[in-house]
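Take a look at the letters that make up each chain.
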Amino acid sequence: MLVQVSHITELDYSALISETVMELRMAPRQERLQHRLSFVLGIGPASQVRSYFDWLGNTVHTFAINNLHRSVKISAVSVVQTYDRDRLTQHPEDMWPLNPPTDHSLFDMLRLDAPVVDCPALTELAEKIKPRGRESLARVGLNIMDKINEEFVYEKGITSASSTIAEVLEHKRGVCQDFTHLMIGLARKLHIPARYVSGFIHAGNQQFRGAAETHAWCELYFPSIGWIGYDPTNNCEVKDNFVKMAVGRHYKDVPPHKGVYRGNATETMKVEVHTMELPEISGNLVGERTSPLNVPVFGNTGRGGVVPWILEEQVQQQQQQQQG
Amino acid sequence: MTLQQEQNSSPPTVSDGRLYSSYAPAPGLYDEMMDSHGAVRPHWQMFLNLLDDLGPAKLHHRWETARQLIHDNGVTYNVYGDPAGMDRPWHLDSLPVLFSAAEWANLEAGVAQRARLLDAILEDLYGPQRLLAEKIIPPELVFGHGLFLRPLHGVAVPGSRRLHTYAADVGRGPDGRFVVLMDRTQAPSGTGYTLENRMVVSRALPDVFRDCRVSRLATFFRRFRETLKSLSNRENPRIVLLTPGPYNETYFEHAYLARYLGYTLVEGADLIVRDNYVYLKMLGGLQRVDVILRRQDDDFCDPLELRADSALGIPGLVQAVYSGNVAVANALGSGLAETPALMMFLPAICRRLLDEDLILPSVESFWCGNAESRQFVLDNLSRMVIKPAFVGSRDKPVFARNLSHDALEKLRSGIMASPSNYVGEHYVELSTAPVLMEDRVQPRHLVLRLHATCVENGYCVMPGGLARFSGSADSMIVSMQRGGGSKDAWVLSDGPVDSFSFLQPAGQPVIISRAGGDLPSRVADNLFWLGRYEERAQANARLARGIVIRLMDQNFDSTAELPTLFSALAKQTMYAEPEGRQFSAEGKLVEILLRNPHANGFPATLQSIYRIAALVRDRMSLDIWRIINRLDGDFPRADKSDPALLDLLPALDRLIITLAAFDGLAMESMTRSYAWRFLDIGRRIERAIGTLTLLSETLVPVVDREGPLLESVLEIADSIITYRRRYTTNLQVPPVLDMLLADESNPRSAAFQLVRLQEHLALLIVDGGGAGLSAPERIVLRLLTDMRLADITTLGRTEDADEKPRREHLDRLLTIWIEELRMLSDVISRAYLVHISESRQLGFQLATPAALATDS
């Protein structure tokens, strides 16, 4: 499937900010079943963007804004060619229980660590799912998803981005992030390496939870073929309408944006995601580019320079706010 | 804070001639000075003879003199950063502990090897991870906790060295063998304290020190500086010492070391990463930083990549390291090597990585993540010291033999529940050394902290170091908090002693420089506020004194102006009278001065002066610091009994003189650097605001007979003498206004302050300012012009439209001017100091629900 994803983030501060430093994990991954054709990253106020691979192989873009500013806008538009699992990976032969992995790098994907915390409720649930004897690993994956969908309700507003699975297990409710953490926790309890994926779903004509948002699902490790995706929120295996941005141990490794700012303000953030299936690859597609977006800055203060007069009014306003 | 608190070290006051005649170490333990037959070990002989020659009285006298001398030179033992504001004493014993050259050679080789080993471990685990692939250590040791910094995996560091400084806590068992109790690989502390101890002890016993041929410490620091310098390719790299800040328990050491080594002391907020380079924010602009000597924990160093809730770090530092543009010592992630769980694997790792046998053994330690070790620990639990396996964990070591049966069982089930989080260690019966306690020499258990720094082909170990001793003879807990103390450790040399010293650099000519150097913005900010608070305290004290004098003088015709003065003082100190309470005039004054909890109140202002001055102590002369120190004693504290007016007057007098002395010294002894300018800018703004506020409070509302009020205003503004000389005794409003507002020759007038501000600001724009006046300069120019143009006669005019006559013109102008001055303070902050504001983490949220998918 040829999919275009527009991912627009707008950040507004309640007052002028002297510095924002951000890290983005927004570029779709290059993988066997997913080919990134184009990635255009727009950032305003204009700033220099650098990119690197993190320790999990995700592409990270970083930038800093050092002029006084009141808002930041990020627009990430990508075009991705995705493929369904082929014959080779459709029916993996791996059986549960798995042999302990010889590759020590899988240790991280087997360890229960916040927000995928170990707790009695998790142990209890894992016991219910645990196969009696040898079982196809693919079957175990589907069973975990069934169990989650049987016992948990998809509902927004109950959990937050920092919720652990202990909270999810208590409330029996959550969103895609929680369902994914839960599945990761259960898989790891059964000694199956599992990892977190952040990305998008293109819904098309169908109904999918988590479409038009940033979505999350999980991948289980099949020693014979590698990582296979499962979406516990939609109770389905991952197909070609899924676009992967980043993978990690849990959400904290892969937030689409992470940042630090300096100044006395609060922030509000708005995120819009829009996906679209393209009929064909357009001739003027750009491989990779960053472009400045028009967002105002207010004078340069970082170098002992001057604050323009324009500011005085704002300075006064702030002063009053502080006093009031 | 005061001399008495500073040190409770024990002066030697032995009367029977020989210090150690009653010394009796416990049998079965190793004693550093006496062997098991009660004979003095040979390498102590000379030292003890020299002490005997000196005699106890002389020793006592020398010790006191040395302490005084050190104090006069500005070295104090106060440890800043106690949250309670109390400075903790640094307890130093006057007797050093001695090690022979032969003993030392073995220890030195062991520590150097161990540093090399831990460095090799870090290089492996942050690189190829052979130790994991070959199953020499289990993966839990690396991945099972938070100390392995994954973003640093595979990141190369200069010279492939990650451990630039290393410290080992070493103890000696009953068999006389040294064992390592703990490794410190992240940001080892103690070198500063070691230096200080050495300085005090060697001054007290200079001849003994020389005759015993004690190895010097300075060479170690020279090597250390060379090592840090070598981490950068640049000719003259800028090296900074990164401290978590004054609330850290070892902040004093950070400041001390920075000064000793000649590095700039910085906090995270002083540094900024741009385009993957690290810069120090100076008033004159950004200056590139090449090497960061950090005293901050690994995960706090970058709030973006490492620990999201760190307010101390430098966002983007990891990327700068990754790009090879800055070196961090010790390398980020080096804390991994100090996990106690690693200890039991060290002999095997040493053979694998270095192809050597471990020279200096660790305390026998058993990581419970290993089934066999776990069983051993559980079987022998009551004889074990149980520690968290991975440092950074909050739990303290537990001495199982001190536990009740229940507590022991609880510990046992804790270990069984999550075995890999625990390490069991054999209890070491530490050796003892003589410590002077009151009037007797007594044995106390000893732990040595030894330091090493990497050099070209290995490690150089500091000869000697910091020895710490237990609070009592039967306690093995060696801790300052539990009544223990520290000793200087002397390593006696066989050969000649290297006399290199940082204090007397020879040979190299010093380049003459007059520039005050640039100033970190944070320091400028501190000085700015120091100036403001100091001036505020002075203004309030003068006003309060005016009130006290009037209250005390029975003959004084004081009915008219007192309420006005009271309301001025209340306004300036933001005092809100508690509802429903009536005070006598005297009581009210005490309330305002001593019990006002507001941040602008008198007690808080004095507190702020002391606090901020402590932060910029290295920018001030010792004399200025002494004056600041006196502030504390000058003024009575609010306690149960209220001070009488009679006591308040001299207290205020003292305070005013002390503050004036501060002003005078700042004026006379600080070079005209940025530091001085910011201090003065703060003072000038505050004084201008203070004078205008005083006028606004006293002269806007018109009272019946203004004479006494005008007199008190002049007196408070320290301008009465000049007035009398100019106008004899004829007190009128316009000349008073002229003198305190517009007279640019009167150092107390508002206009005078503005002229000074104009001078300062004109010199501050360094670059990036472009043409024309800066925003702060514009405000000052406008204010000054307004003041020059103001018609004093009009301002003095009274309008009594209502029943209460007021000076409306004056009121209007003063209100605007005060407002503009407040804004000036903010604009200066924004123009020069803006980046010191705190950093925050963006909400870590998943995307909010947004627009609908529109295709299909």
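Novice: Which parts of the structure should I look at to understand the overall build of chain A?
Specialist: In terms of helices and strands, chain A carries 6 helices and 18 strands. Taking 20 Å as the expected radius of gyration for a compact globule of 324 residues, we find that chain A reaches 22 Å, a close match to that expectation. C-alpha extents for chain A along the principal axes are approximately 75 × 50 × 40 Å. A buried classification covers 44% of the 324 residues belonging to chain A. Within chain A, residue pairs in contact and separated by at least 24 positions form 76% of the contacts whose partners lie at least 6 positions apart.

Novice: So what exactly am I meant to see when it comes to the domain arrangement of chain B here?
Specialist: Often the size quoted for an interface is simply the accessible area lost on bringing the parts together. Residues and elements named next belong to chain B. Splitting chain B by domain gives domain 1 (1-138 + 162-213 + 431-497), domain 2 (217-329) and domain 3 (521-836). Contacts between the two partners involve 23 residues from domain 1 and, on the opposite side, 22 residues from domain 2. Contributions of two or more residues to the side of domain 1 that touches domain 2 are made by α7 (191-204) and β16 (440-455). Per-element accounting of the side of domain 1 that touches domain 2 gives the leading share, 7 residues, to α7.

Novice: What should I look at first to understand helix α15 (residues 521-552) of chain B in this one?
Specialist: Each α-helix turn comprises 3.6 residues. Residues three or four places apart therefore point the same way. For α15 of chain B, with 32 residues, the first-to-last C-alpha span of 46 Å sits near the 46 Å given by 1.5 Å per residue. Within α15 of chain B, 26 of the 32 residues are buried, leaving the element largely enclosed by the surrounding structure.

Novice: Looking at this model, I keep getting lost on the sheet that holds strand β11 (residues 194-201) of chain A. Mind explaining?
Specialist: The strands making up a sheet associate through hydrogen bonds between their backbones, and the pairing can be parallel or antiparallel. All names here are of chain A. Taken together, 5 strands build an open sheet; the order of strands is β14-β13-β12-β11-β15 and the sheet is antiparallel. Only two strands of the sheet have a single neighbouring strand rather than two, namely β14 (236-237) and β15 (242-248). Note: β11 against β15, 6 bridges, orientation antiparallel. The residue of β15 that forms the bridge with Ser198 is Ala246. In the packing of helix α5 (residues 176-189) onto the sheet, the strands contacted are β11, β12 (215-222) and β13 (226-231), and the crossing angle to β12 comes to about 15 degrees.

Novice: Looking at this model, I keep getting lost on the domain arrangement of chain A. Mind explaining?
Specialist: All names here are of chain A. Partitioning chain A into domains gives domain 1 (2-82 + 255-323) and domain 2 (87-239). The straight-line distance from the C-alpha centre of domain 1 to that of domain 2 is 31 Å. The interface is formed by 8 residues belonging to domain 1 together with 7 residues belonging to domain 2. Contributing elements (two or more residues each) for the side of domain 1 that touches domain 2: β1 (2-17) and β17 (267-277). At 5 residues, β17 tops the list of elements feeding residues into the side of domain 1 that touches domain 2. For the side of domain 1 that touches domain 2, the residue count by class is 5 nonpolar, 2 polar and 1 charged.

Novice: Sorry, what's going on with unusual backbone geometry here?
Specialist: Glycine aside, negative phi is the norm for most residues, and most peptide bonds take the trans geometry. Residue Pro45 of chain A follows Gly44 of chain A across a cis peptide bond; omega there is 0 degrees. On the secondary structure map, Pro45 of chain A appears in the loop between β3 (34-44) and β4 (49-53). For the peptide bond that leads from Ala114 of chain A to Pro115 of chain A, omega is 0 degrees, which places it in the cis range. Residue placement: Pro115 of chain A occurs in the loop between β7 (95-96) and α2 (120-129). A positive phi angle, near 60 degrees, is found at Asp355 of chain B, a position not held by glycine. Following the sequence through the fold, Asp355 of chain B ends up in the loop between α12 (346-354) and β11 (365-367).

Novice: Is there a simple way to think about the environment of Pro193 of chain A in this case?
Specialist: Residue and element names in this part refer to chain A. Take Pro193: it is sitting in the loop between α5 and β11. C-alpha separation for the pair Pro193 and Pro101, spaced 92 residues apart in sequence, amounts to 8.8 Å. Not counting chain neighbours up to four residues away, the residues in contact with Pro193 comprise Pro101, Leu106, Met109, Leu110 and Tyr221.

Novice: What's the story with the packing of helix α21 (residues 674-699) of chain B against helix α25 (residues 750-764) of chain B in this structure? I'm lost.
Specialist: If you want to describe how two helices pack, look at the angle between their axes and the distance between the axes. Residues and elements named next belong to chain B. Running from N to C, α21 and α25 point in directions that differ by 155 degrees, and their axes come no closer than 9 Å. On the basis of their axis angle, the class for α21 and α25 is roughly antiparallel. Here the hand of the crossing between α21 and α25 comes out left-handed. Counting all contacts with α21, which are made through Arg677, Asp680, Ile681, Arg684, Ile685, Arg687, Ala688, Thr691 and Leu692, the residues of α25 involved are Ala750, Gln753, Leu754, Arg756, Leu757, His760, Leu763 and Leu764. Here the contact of α21 with α25 is built from residues that sort into 9 nonpolar, 3 polar and 5 charged.

Calculation rules
Residues numbered from 1 in each chain as written. Chains lettered and ligands numbered in written order. Predicted model: local features only at pLDDT ≥ 70, side-chain atom pairs only at ≥ 80, totals over all residues. Helix = DSSP H or I, 4+ residues; strand = E, 2+ residues; numbered from the N terminus. Rg over C-alpha atoms; globule rule 2.2 N^0.38 Å. Buried ≥ 20, exposed ≤ 12 C-beta atoms within 10 Å, placed from the backbone. Contact = placed C-beta atoms within 7 Å. Domains from an automatic or database assignment. Expected span 1.5 Å × (residues − 1). Pairing = 2+ DSSP bridges. Axes fitted to C-alpha atoms, helices over the stretch in contact; angles between N-to-C directions. Nonpolar A, V, L, I, M, F, W, Y, C, P; charged D, E, K, R; others polar. Parallel < 35°, antiparallel > 145°, perpendicular 65-115°, else oblique. Left-handed = near helix turned anticlockwise from the far one by under 90°.

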